[in-house]
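Structural description and commentary
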Amino acid sequence: LEPSSHDLLMALGRPPVAAIGYLDGVLAASYPELSFAANGITDLGFPPNLELLVAAQPDLIISSDANAESVSYEQLSAIAPTVVFTGGPSGEWKSWLDGAAAALGLEAELAERFAAYEARLQAFRETVGDPAAIEVSVVRVQPDDQVMMN
């Protein structure tokens, strides 16, 4: 139920059995190989449909306190062991991924991914040189033709 853990599982080639629905709309158009249909992922919708979650028979549920208004820890933990992350992942994305990997026993796989990430980041830094000497714009086009600029 936490998008960051969904990304982690997909990156490690271990798709979740179920996930909140809006992720599929975001992913499917740009990355069809990550779509729910291509990976047999049950779309729980949002707020998550607990009957569908029960039917998916998860071994572990990863959620965040951001979902607390729509579904409680008590409800989730009655279905399967549940880990709830607090706070937002954007500034602490590495620690969130570390926590999800630890809960799933995927620490070694994540360490390999982080090592590859750090190597690519170092190569990028060498290519760019002095970051103050360049101008950058970030544009993200969503599947529904929505454009986000940072």
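You'll find the structure just up there.
First, a word on scope: everything that follows refers to the structure included in this document.

Conventions adopted
- Residues numbered from 1 in each chain as written.
- Predicted model: local features only at pLDDT ≥ 70, side-chain atom pairs only at ≥ 80, totals over all residues.
- Heavy atoms only, no water.
- Core = buried A, V, L, I, M, F, W, Y, C linked by side-chain atoms within 4.5 Å.
- Buried < 20%, exposed > 50% of the residue type's maximum accessible area, 1.4 Å probe, protein only.
- Helix = DSSP H or I, 4+ residues; strand = E, 2+ residues; numbered from the N terminus.
- Axes fitted to C-alpha atoms, helices over the stretch in contact; angles between N-to-C directions.
- Parallel < 35°, antiparallel > 145°, perpendicular 65-115°, else oblique.
- Contact = heavy atoms within 4.5 Å.
- Nonpolar A, V, L, I, M, F, W, Y, C, P; charged D, E, K, R; others polar.
- Expected span 1.5 Å × (residues − 1).
- Polar contact = N/O pair within 3.5 Å; in protein donor to acceptor, adjacent residues only side chain to side chain.
- Pairing = 2+ DSSP bridges.
- Arc of directions from axis to C-beta.

**Structural notes on the nonpolar core**
By size, the foremost hydrophobic cluster in this structure holds twelve residues: Leu-8, Leu-9, Leu-12, Ile-62, Phe-85, Trp-96, Leu-97, Ala-100, Ala-101, Leu-106, Leu-110 and Phe-114. Put simply, the parts of the chain that give this core at least two residues each are α1 (3-11), α6 (93-104) and α7 (107-128). Per element, the largest residue contribution to this core is four residues, and it comes from α6. Counting ten residues, the second largest nonpolar core, distinct from the first, contains Ala-18, Leu-44, Ile-61 and Leu-76.

**Details of the packing of α6 against α7**
Taken N-terminus to C-terminus, the directions of α6 and α7 make an angle of 155°; their axes are 8 Å apart at the nearest point. In terms of axis orientation, α6 runs roughly antiparallel to α7. Taking contact as the criterion, the partners of Trp-93, Lys-94, Leu-97, Asp-98, Ala-101 and Ala-102 in α6 are, on α7, Glu-107, Leu-110, Phe-114, Tyr-117 and Glu-118. Classifying every residue of the contact of α6 with α7 by side-chain character gives seven nonpolar, no polar and four charged.

**What about the side chain of Ser-64?**
Tracing the chain through its elements places Ser-64 in strand β3 (residues 61-64). Residue classification places Ser-64 among the buried residues on the basis of a relative accessible area of 5%. Those residues within four positions of Ser-64 in sequence are excluded, and the remaining contacts are Glu-2, Val-84, Phe-85 and Trp-96.

**Describing α7**
Look at α7: 31 Å from first C-alpha to last across 22 residues, which is about the 32 Å you get at 1.5 Å a residue. With its phi angle positive at about 75°, Gly-129 sits one or two positions after the end of α7.

**Let's talk about the side chain of Thr-82**
Here Thr-82 shows up in strand β4 (residues 82-85). Exposure remark for Thr-82: the relative accessible area of 12% places this residue in the buried category. At 3.3 Å, the side chain of Thr-82 and the backbone nitrogen of Ser-77 are in polar contact. Of the polar contacts made by the side chain of Thr-82, one reaches the backbone oxygen of Ala-80; its length is 2.8 Å.

**Considering the pairing of β3**
The two faces of β3 match: Ile-61 and Ser-63 on one face and Ile-62 and Ser-64 on the other face are all buried. Relative to β4, β3 is paired through four bridges, and the arrangement is parallel. Looking across to β4, one finds that Ser-64 is bridged to Phe-85.

**Things to note about α6**
In this model, α6 (twelve residues) spans 16 Å end to end at C-alpha, consistent with the 16 Å of a helix rising 1.5 Å per residue. Considered for burial, the residues of α6 that qualify are Trp-96, Leu-97, Ala-100 and Ala-101. Along the axis of α6, the buried residues cluster in a sector spanning 130°; they form a single face.

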